[in-house]
Amino acid sequence: VGARMLRWVSPAHYGLLPGLLVPLVLGTLIAVGVIQFLEAFVGSAHQQGLIEQRGATRLDGVLERFNDRRQTLASLAAALGNEAAITQVIAGARPDSVREALTALRATHNLAGIRVYDDAGAELLAVANPDAGVPTPDLVPQTLAGGSASETVIAGQGPTVHGATLLRTHQGTPGVLVLSSD
């Protein structure tokens, strides 16, 4: 009864086992790595899609508010276009008395500015904040042609919404009233 001795076994003794096991382990590791990469890539693309969707939703909300503000200013301009103080500007009344009336209207309606133009597009009177945006040169001709117009201008201090309406004096002289809002 003797002690058993450990003997050295050569790798050839195991036969095909190392030849099958090594590629199987390497294949499994590669598959796990590819799956992890794909999950990260798909997750990133999904997250980017959600960010773009949120941005588009917010942009739609901002555009809707600007459009609402443009319609409100165009309606207010049409209503104020019948004010005697405003039509007096076109008729050539004293600018100081008209300026006081327009300043009161501007404060009452919380506007950035009120401008009156003649039928040639020349500004007759302006009561506006110094940093209030100026309407584009196309707004007055558009209003003279169509009766009312509105626009949103993005410049310097940010967006400014302008609403314009056609004015007529009792004598029929045309002009344009432009209301501005920040």
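Worth saying up front: this structure is predicted, and the values here are computed from it rather than measured.

Draft legend 1. Quick look at the side chain of T160. Mapped onto the elements of the fold, T160 is located in strand β4 (residues 158-168). Assessed through its relative accessible area of 4%, T160 is described here as buried. Residues contacting T160, with those up to four places away along its chain left out, are G133, E151, T152, V153, S180, S181 and D182.

Draft legend 2. Representation of the side chain of T143 within the structure. Among the secondary structure elements, T143 is positioned in helix α4 (residues 139-146). In contact with T143, other than residues within four places in its own chain, are S148, A149, A164, T165, L166 and V176.

Draft legend 3. Molecular detail of the nonpolar core. Counting 16 residues, the largest nonpolar core has L80, L102, L111, I114, L177 and L179 as the members making the most contacts within it. Every element with two or more residues in this core is listed here: α1 (17-80), α3 (95-108), β1 (113-118), β2 (123-128), β4 and β5 (174-181). In terms of residue count, the dominant contributor to this core is α1 (4 residues). Formed by 7 residues, the second largest nonpolar core is a distinct cluster that contains Y117, L139, A164 and V178.

Draft legend 4. Inspection of α4 at higher detail. Turning to α4, its buried residues are L139, V140 and T143. In a view along the axis of α4, the buried residues occupy a sector of 95 degrees, so they form one face of it. Residues A145 and G146 are exposed on α4 and point more than 90 degrees away from its buried face. Where α4 terminates, the next one or two residues include G147, which has phi positive at roughly 95 degrees.

Draft legend 5. Quick look at the confidence of the model for the protein. Per-residue confidence for the protein averages 77 on the pLDDT scale, and 79% of its residues sit at or above 70. Per-element confidence in the protein is highest for β1, whose mean pLDDT is 86, and lowest for helix α2 (residues 84-91), whose mean pLDDT is 67.

Draft legend 6. The arrangement of a nonpolar patch on the surface in detail. Among the surface-exposed residues, L21, V22, L24, V25, L26 and L29 lie close enough to one another that they form a single nonpolar patch of about 580 Å² accessible area. Turning to its location among the elements, L26 is positioned in helix α1.

Draft legend 7. Representation of the pairing of β1 within the structure. Among the 6 residues of β1, 6 are classified as buried, and the element is accordingly described as predominantly covered. Across the two faces of β1 the burial is the same, with G113, R115 and Y117 and I114, V116 and D118 all buried. Where β1 lies against β2, 5 bridges are found, and the strand directions are antiparallel. Across the sheet, the residue bridging to V116 is L125, located in β2. Hairpin connection of β1 to β2: 4 residues between the antiparallel strands, including G121 at a positive phi of 90 degrees.

Rules and cut-offs
- Residues numbered from 1 in each chain as written.
- Predicted model: local features only at pLDDT ≥ 70, side-chain atom pairs only at ≥ 80, totals over all residues.
- Heavy atoms only, no water.
- Helix = DSSP H or I, 4+ residues; strand = E, 2+ residues; numbered from the N terminus.
- Buried < 20%, exposed > 50% of the residue type's maximum accessible area, 1.4 Å probe, protein only.
- Contact = heavy atoms within 4.5 Å.
- Core = buried A, V, L, I, M, F, W, Y, C linked by side-chain atoms within 4.5 Å.
- Arc of directions from axis to C-beta.
- pLDDT = per-residue confidence, 0-100.
- Patch = residues over 30% accessible without salt bridge, like charges linked within 9 Å, V, L, I, M, F, W, Y side chains within 5 Å.
- Areas by Shrake-Rupley, 256 points an atom, 1.4 Å probe, with all protein chains shown as cover.
- Salt bridge = Lys/Arg side-chain N within 4 Å of Asp/Glu carboxyl O.
- Pairing = 2+ DSSP bridges.

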